[in-house]
Amino acid sequence: MSSQDHSSRAGSRRRSSAAPGAPTSPQPSLGPIEVAPSFKHKAYTALKNAIVAMDIYRSRDEIRLDERKLAQDFGISRTPVREAMAQLESEGFVRSVPRRGVFVVRKTKREVIELITAWAALESMAARLITENALDDDIKSLRRMFSSFVDGKVLANLDEYSEVNIEFHQSIIRMSHNHVLIDMAENLFTHMRMIRRKTIVERDRADRSIRDHMQIIESLEKRDTARAEKLVRDHALGLADHVARFADYLD
């Protein structure tokens, strides 16, 4: 067999190994996915929930997280706890200080105002989408949240109202049915939850809050897009104004 025949057959084999006209491309190297939640994920969820449940703005004292004690409390090694705290740090809930440890983050007044301003943009867009797409029954469910707070009963049940207030704002986001907006709001709202819990008991914010909520719900029921969007935005920015004027404990 001549060298020309050999080269021809080799070239033919090379051409037949790939689909005509389809260039080869690099592929990611993948392994099996572990279905069960990891210790890191469980530690992350437990720590995040614990931080959110704390009234971190009541005191100016630093809140230090003891990695060794947390691992003992969870009954796991320190590695997943360390990984969980690294994720929480990336989300702005804790900060690591060299040679001192890991501390829960308290937002400054400026940071809180910026969070609220961003939230106002997201929630007002959610309100617009609700007027355009939400079911009537879903909108009615917002009104039912406040049925037990009529006739001046807000101040008598502030703790309960605080939780309903938080659920109301979460529902506005959720009812938008815009998954990108919902994902963007998720981490932001966790920070908002902590500051809302603190501010709802200050001055006359609880009474003002329920009045604003009733007006928002009415505009949503009427499918008044422009008014609903404005009321939701103004409600959030009212919180930003309150923080700017009165939240000196954030400085």
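Everything discussed here concerns the structure shown above.
What counts and how
- Residues numbered from 1 in each chain as written.
- Predicted model: local features only at pLDDT ≥ 70, side-chain atom pairs only at ≥ 80, totals over all residues.
- Heavy atoms only, no water.
- Helix = DSSP H or I, 4+ residues; strand = E, 2+ residues; numbered from the N terminus.
- Buried < 20%, exposed > 50% of the residue type's maximum accessible area, 1.4 Å probe, protein only.
- Contact = heavy atoms within 4.5 Å.
- Axes fitted to C-alpha atoms, helices over the stretch in contact; angles between N-to-C directions.
- Parallel < 35°, antiparallel > 145°, perpendicular 65-115°, else oblique.
- Left-handed = near helix turned anticlockwise from the far one by under 90°.
- Nonpolar A, V, L, I, M, F, W, Y, C, P; charged D, E, K, R; others polar.
- Salt bridge = Lys/Arg side-chain N within 4 Å of Asp/Glu carboxyl O.

A. Focus on the overall build of the chain. Helix and strand content of the chain: ten helices and three strands. From first element to last, N terminus to C terminus, the chain shows the α and β order α-α-β-α-α-β-β-α-α-α-α-α-α. The 251 residues of the chain split such that 40% are buried. Across the chain, every contact between residues at least 6 apart in sequence was considered, and the portion connecting residues at least 24 apart equals 74%.

B. Region of the structure containing the packing of helix α5 (residues 109–133) against helix α10 (residues 225–246). In contact at an axis separation of 8 Å, α5 and α10 are set at 165° when each is read in the N-to-C sense. Compared by their axis directions, α5 and α10 come out roughly antiparallel. Between α5 and α10 lies a crossing whose hand is right-handed. Residue classes in the contact of α5 with α10 are distributed as 14 nonpolar, four polar and six charged.

C. How the structure looks around the pattern of salt bridges. One pass over the structure, following the stated rule, counts 20 salt bridges. Between R78 and E67 there is a salt bridge; the shortest N-O distance is 3.1 Å. You can see R78 sitting in helix α4 (residues 78–90) and its partner E67 sitting in helix α3 (residues 67–74), a full eleven residues away along the chain. Residue classification places R78 among the partly exposed positions, given a relative accessible area of 34%.

Remember that the coordinates give geometry; whether it matters functionally is a separate question.
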